[in-house]
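So you can see what is in the structure, the chains are spelled out below.
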Amino acid sequence: MTTPHHATGPELTAAELYAILRLRADVFVVEQECAYGDVDGRDLLPSTRHLWFTDSAGEVTAYLRVLADPDGVSRIGRVVTAASARGRGLAASLMEAALSGASGEFVLDAQTYAQRLYARFDFVPEGEEFLDDGIPHITMRRVAKDPAQRPAAS
């Protein structure tokens, strides 16, 4: 597996942003049939970190972003893998890269079927399950860690 690409909002090229948005639309809007405002004004912020994999043709195969929430917590979101690339551990590799060396607190809203993936990285469910665009989700939190500790990947 190759190293993921990474960029902050201002570092993204127009072509990279286009490919990322296309994957997000293909999966979240078309495949999962959720018409929602994906472009939320946070992708190009200097504090937003983007991580993604591409295939040999340069197509984005998996992606996630890390946002800096106003309360100081880092929020992982838009975790997505192209249908053609599923089952290869790409989302887990992106999670490991996003958390590597990070000592702060992280939060995410997981589709409930994906809880086991996030639990591998010490995320714990909190609160009640909720529907987001008709899909069951649950908030999960990872408490601040010693930066010397590495997240579990298995």
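Look up: the structure comes first, before these words.
A brief report on the enclosed structure follows. (Residues numbered from 1 in each chain as written. Predicted model: local features only at pLDDT ≥ 70, side-chain atom pairs only at ≥ 80, totals over all residues. Heavy atoms only, no water.)

Turning our attention to the environment of G127. In this structure, G127 sits in strand 6 (residues 124-132). Along the backbone, G127 and L23 are 104 residues apart, and their C-alpha atoms lie at a distance of 30 Å. (Helix = DSSP H or I, 4+ residues; strand = E, 2+ residues; numbered from the N terminus.)

Once that is clear, we can look at the pattern of salt bridges. With the rule as written, the count across this model stands at 11 salt bridges. Put simply, D40 and R65 hold a salt bridge, and the shortest N to O gap is 2.6 Å. Residue D40 is found in the loop between helix 1 (14-31) and strand 2 (49-54), and its partner R65 is found in strand 3 (residues 60-68); the two are separated by 25 residues along the sequence. D40 sits in the partly exposed class, given a relative accessible area of 34%. Residue R75 pairs with D69 through a salt bridge whose shortest N-O separation is 2.9 Å. Three or more residues joined by partner-sharing salt bridges are found here, namely R24, D40, D43, R65 and R78. (Salt bridge = Lys/Arg side-chain N within 4 Å of Asp/Glu carboxyl O. Buried < 20%, exposed > 50% of the residue type's maximum accessible area, 1.4 Å probe, protein only.)

As enumerated under the stated definition, the model contains one aromatic pair in all. With a centroid separation of 6.4 Å and an interplanar angle of 70°, the aromatic rings of Y118 and F123 are classed as edge-to-face. Judged by relative accessible area, Y118 falls into the buried class, the value being 7%. On the basis of relative accessibility, which here comes to 3%, the residue F123 falls in the buried class. (Phe/Tyr/Trp six-rings, centres within 6.5 Å; stacked < 30°, edge-to-face > 60°.)

This brings us to helix 2 (residues 90-99). Most of helix 2 sits inside the fold, with seven of its 10 residues counted as buried. Summarising the contacts, the buried residues of helix 2 are in contact with strand 2, strand 3, strand 4 (74-81), strand 5 (106-111), helix 3 (115-119) and strand 7 (135-142). In the stretch just after helix 2, G101 is the one whose phi turns positive, near 75°. (Contact = heavy atoms within 4.5 Å.)

It is worth spelling out the environment of E105 at this point. Checked against the element boundaries, E105 lands in the loop between helix 2 and strand 5. The class for E105 is partly exposed, based on a relative accessible area of 27%. Each C-alpha atom of the pair E105 and L44 lies 22 Å from the other, and the pair is 61 residues apart in sequence. When neighbours within four sequence positions are excluded, E105 is seen to be in contact with V73, S74, R141, R142, V143 and A144. Here the side chain of E105 touches R141 through a polar contact of 2.6 Å, side chain to side chain. (Polar contact = N/O pair within 3.5 Å; in protein donor to acceptor, adjacent residues only side chain to side chain.)

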